[in-house]
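Residues per chain, in single letters:
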Amino acid sequence: MNLDLFAHPDFHPSWREDICPGAVVLRGAALADERELLKAINRIAIKAPFQYRATPGGYAMSVAMTNCGELGWVTDRQGYRYQTTSPETRKQWPPMPDIFRTLAIHAAKEAGFDNFLPDACLINRYQPGAKMSLHQDKDEDDFGQPIVSISLGLPAVFQFGGLERSDPTLRVNLTHGDIVVWGGPARLRYHGILPLKVGEHPLTGQYRFNLTFRKAH
Ligand code: MD6
Ligand code: FE
């Protein structure tokens, strides 16, 4: 593919931190696009409102979710899956904004994944107290494809474990503008987000947003 189509002169991560083989944090890599990203999230949420979905076990998640792109990740009593429509609106998810796609492709490339073309973007919204328990991302068809994750708003502590749920975990602080790219040998490692602390962010108020880009199908 011709990456000039995705030319992005503002893509300048301030530094990179390797978490482990296959996982890297590009600190500040989304900062140049912060306002455009947040505006786009607001527009998406008007068309496909944030929802507190149920886990297959029947618990309401503390993180509110929506999606954009061809496919969206959902969960209910039937299980976890990707689908082309929102269960609430029964319409297709809003299209993935160019700024989202461009940033995700550039971040993946920076981390050594040259052929990443995401078809799904899950948008998570955390308020103080919201958390994401340790989990693996394994609802995608090709584990050879990485996941790109953009953090905006309030900071969070990312827990990063091993291939077994009981493996010890590392803690990584993720702050506004950080992008995590993870794939290769890290792709199936357990991970989660510790309960969000109370705070006030100048652009997002009491929220943290996380965008995760995947090639689901
Ligand atoms: C979050 N992120 O940061 C939750 N999964 O809100 C994830 O679950 C995640 O950041 C796979 C790859 C990167 C991630
Ligand atoms: Fe995940």
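- In the annotation of an unreviewed UniProt entry, the entry for the protein reads DNA oxidative demethylase AlkB, and the organism field reads Rouxiella chamberiensis.

## Quick word on a positive patch on the surface
Argument step 1. On the surface, a cluster of positive charge is contributed by Arg35, Lys39, Arg43 and Lys47.
Argument step 2. Examined against the element boundaries, Lys39 turns out to sit in helix H1 (residues 34-47).
Argument step 3. Judged by relative accessible area, which is 51%, Lys39 ranks as exposed.

## Considerations on unusual backbone geometry
Argument step 1. Even without being glycine, Arg90 reaches a positive phi, approximately 60°.
Argument step 2. Judged by its relative accessible area of 71%, Arg90 is exposed.

## Thoughts on the coordination of the iron ion (ligand 2)
Argument step 1. His135 (NE2), Asp137 (OD) and His191 (NE2) make up the full set of protein donors to the iron ion (ligand 2), lying at 2.1 to 2.2 Å.
Argument step 2. As a motif over one chain, the donors of the iron ion (ligand 2) read H-x1-D-x53-H. Of this pair, His135 sits in strand E7 (residues 132-135) while His191 sits in strand E12 (residues 191-193), placing them 56 residues apart in sequence.
Argument step 3. Of the residues examined, His135 reaches a relative accessible area of 23% and is grouped as partly exposed.
Argument step 4. On the basis of relative accessible area, His191 is assigned to the buried category, the value being 6%.

## Describing the pairing of strand E13 (residues 208-214)
Argument step 1. Among the seven residues of E13, seven are classified as buried, and the element is accordingly described as predominantly covered.
Argument step 2. Alternating positions in E13 separate into two faces, Arg208, Asn210, Thr212 and Arg214 on one and Phe209, Leu211 and Phe213 on the other, with burial throughout.
Argument step 3. Here strand E6 (residues 120-126) pairs with E13 via seven bridges, running antiparallel. The partner of Tyr126 across the bridge, within E13, is Arg208.
Argument step 4. Pairing geometry for strand E8 (residues 147-153) and E13, over six bridges, is antiparallel. Residue pairing across strands places Val148 opposite Phe213, the latter belonging to E13.

## Observations concerning the nonpolar core
Argument step 1. By size, the foremost hydrophobic cluster in this structure holds 34 residues, and its most contacted members are Phe100, Ile179 and Phe213.
Argument step 2. Looking at this core, the elements that each hand over two or more residues are strand E2 (23-27), H1, strand E3 (64-68), helix H2 (98-110), E6, E8, strand E11 (179-182) and E13.
Argument step 3. In this view, Phe100 contacts Leu37, Ala40, Ile41, Ile44, Cys68, Cys121, Ile123, Leu211 and Phe213; residues no more than four positions away in its chain are not counted.

## A closer look at the packing of H1 against H2
Argument step 1. Following both chains from N to C, one finds H1 and H2 inclined at 130°, their axes separated by 9 Å at the closest point. In this view, H1 runs oblique relative to H2, as classed from their interaxial angle. Between H1 and H2 the crossing geometry is left-handed. Listed contacts from H2 to Glu36, Leu37, Ala40, Ile41 and Ile44 of H1 are Ile99, Phe100 and Leu103.
Argument step 2. Looking at the contact of H1 with H2 residue by residue, the classes come out as seven nonpolar, no polar and one charged.

## Structural notes on the side chain of Ser149
Argument step 1. Position of Ser149 among the secondary structure elements: in strand E8.
Argument step 2. Residue classification places Ser149 among the buried residues on the basis of a relative accessible area of 11%.
Argument step 3. A polar atom in the side chain of Ser149 sits 2.9 Å from the side chain of Asn210.
Argument step 4. The contacts of Ser149, once residues within four sequence positions are left out, are Asp178, Ile179, Val180, Asn210, Leu211 and Thr212.

## A short note on the sheet that holds E13
Argument step 1. Read from one edge of the open sheet, seven strands run E1-E2-E11-E8-E13-E6-E3, paired in antiparallel fashion. Strands with a single pairing partner mark the edges of an open sheet, and in this sheet they are strand E1 (15-20) and E3. Going across the sheet, the axis of each strand differs from the next one's by a mean of 20°, ignoring polarity.
Argument step 2. Two strands pair when backbone bridges link them, and E3 and E6 are joined in this way by five bridges, in the antiparallel orientation. Its bridge partner being in E6, Thr66 is matched across the sheet by Ile123.
Argument step 3. The strands touched by H1 within the sheet are E3, E6, E8 and E13, with E13 carrying the most contacts at an inclination of about 85°.

Reading the values: the criteria
Residues numbered from 1 in each chain as written. Chains lettered and ligands numbered in written order. Predicted model: local features only at pLDDT ≥ 70, side-chain atom pairs only at ≥ 80, totals over all residues. Heavy atoms only, no water. Patch = residues over 30% accessible without salt bridge, like charges linked within 9 Å, V, L, I, M, F, W, Y side chains within 5 Å. Areas by Shrake-Rupley, 256 points an atom, 1.4 Å probe, with all protein chains shown as cover. Salt bridge = Lys/Arg side-chain N within 4 Å of Asp/Glu carboxyl O. Lys, Arg positive; Asp, Glu negative; His and termini not counted. Charge placed at Lys NZ, Arg CZ, Asp CG, Glu CD. Helix = DSSP H or I, 4+ residues; strand = E, 2+ residues; numbered from the N terminus. Buried < 20%, exposed > 50% of the residue type's maximum accessible area, 1.4 Å probe, protein only. Donors = N, O, S within 2.8 Å, 3.2 Å for Na, K, Ca; no water. Pairing = 2+ DSSP bridges. Core = buried A, V, L, I, M, F, W, Y, C linked by side-chain atoms within 4.5 Å. Contact = heavy atoms within 4.5 Å. Axes fitted to C-alpha atoms, helices over the stretch in contact; angles between N-to-C directions. Parallel < 35°, antiparallel > 145°, perpendicular 65-115°, else oblique. Left-handed = near helix turned anticlockwise from the far one by under 90°. Nonpolar A, V, L, I, M, F, W, Y, C, P; charged D, E, K, R; others polar. Polar contact = N/O pair within 3.5 Å; in protein donor to acceptor, adjacent residues only side chain to side chain.

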